[in-house]
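# Observations on chain architecture
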Amino acid sequence: MAEHAPSGAPHAGSCACGAVRFSAEGEPVWAAYCHCTDCRRATGAPMTLWVGFPAVDVSWTGTPDERATGTGCVRQWCGDCGSPLAYADATIPGEEIYLAIGAFEAPERVAPMAHAFWASRLPYVAVADDLPRHDRYSRARVDGAGA
């Protein structure tokens, strides 16, 4: 049985091939499932859980490739194996980075807090939780949009 990091230990993870690793200090500032089309295309999944940390608390070993989407979002992935790793969104106040839960070594240490883009969810995805559901963003934006 695998041992899990104790509470208070850094959150760590990597891409599938191990070429790019991250470590995030402290506890997440936000964790939300996203059901938007852009995240589905970026991850290849019907939804994903993004876990946000202050950018200054995240360190990298190896360098992820990145691409700006034109909407203020920059997505990062491993250039070797293609694993989606993170995104940053310039429209969210403060400098935060959101890490893909699938890359975490101990994903069970993170509790989701909400659903974003609930109105865009796929009709066959059954969700049996009582988390808040936002039709669009689950985090407030600099222009006032969102939660």
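In what follows, the structure referred to is the one given above.
Conventions adopted
- Residues numbered from 1 in each chain as written.
- Predicted model: local features only at pLDDT ≥ 70, side-chain atom pairs only at ≥ 80, totals over all residues.
- Heavy atoms only, no water.
- Helix = DSSP H or I, 4+ residues; strand = E, 2+ residues; numbered from the N terminus.
- Rg over C-alpha atoms; globule rule 2.2 N^0.38 Å.
- Buried < 20%, exposed > 50% of the residue type's maximum accessible area, 1.4 Å probe, protein only.
- Contact = heavy atoms within 4.5 Å.
- Areas by Shrake-Rupley, 256 points an atom, 1.4 Å probe, with all protein chains shown as cover.
- Lys, Arg positive; Asp, Glu negative; His and termini not counted.
- Charge placed at Lys NZ, Arg CZ, Asp CG, Glu CD.
- Pairing = 2+ DSSP bridges.
- Axes fitted to C-alpha atoms, helices over the stretch in contact; angles between N-to-C directions.

## Description of the overall build of the chain
The helix and strand inventory of the chain stands at 1 helix and 10 strands. Moving toward the C terminus, one meets the helices and strands of the chain in the order β-β-β-α-β-β-β-β-β-β-β. Compactness check: the chain gives a C-alpha radius of gyration of 15 Å against a globular reference of 15 Å for 147 residues, within 12% of the reference. If one aligns the C-alpha atoms of the chain with their principal axes, the spans along those axes are about 35 × 35 × 30 Å. The burial tally for the chain puts 37% of its 147 residues in the buried class. Long-range contacts, defined as pairs at least 24 residues apart, comprise 55% of the intrachain contacts of the chain with a sequence gap of at least 6. Accessible surface, the chain: about 7800 Å² in total, of which carbon and sulfur atoms supply 53%. Of the charged side chains in the chain, 11 are positive and 17 negative; the average position of the first set lies 9 Å away from that of the second.

## Some remarks on the sheet that holds strand β9 (residues 96-100)
On the basis of which strands lie adjacent, the open sheet formed by 7 strands has the order β6-β7-β8-β9-β4-β3-β10 and mixed pairing. Each of the sheet's edge strands pairs with one partner strand only, and the pair in question is β6 (65-68) and β10 (114-116). On average, each strand axis in the sheet is tilted by 30 degrees relative to the strand beside it, whichever way the strands run. Bridge count for strand β8 (residues 84-89) against β9 is 2 bridges, and the pairing is antiparallel. Its bridge partner lying in β9, Y87 is registered against Y98.

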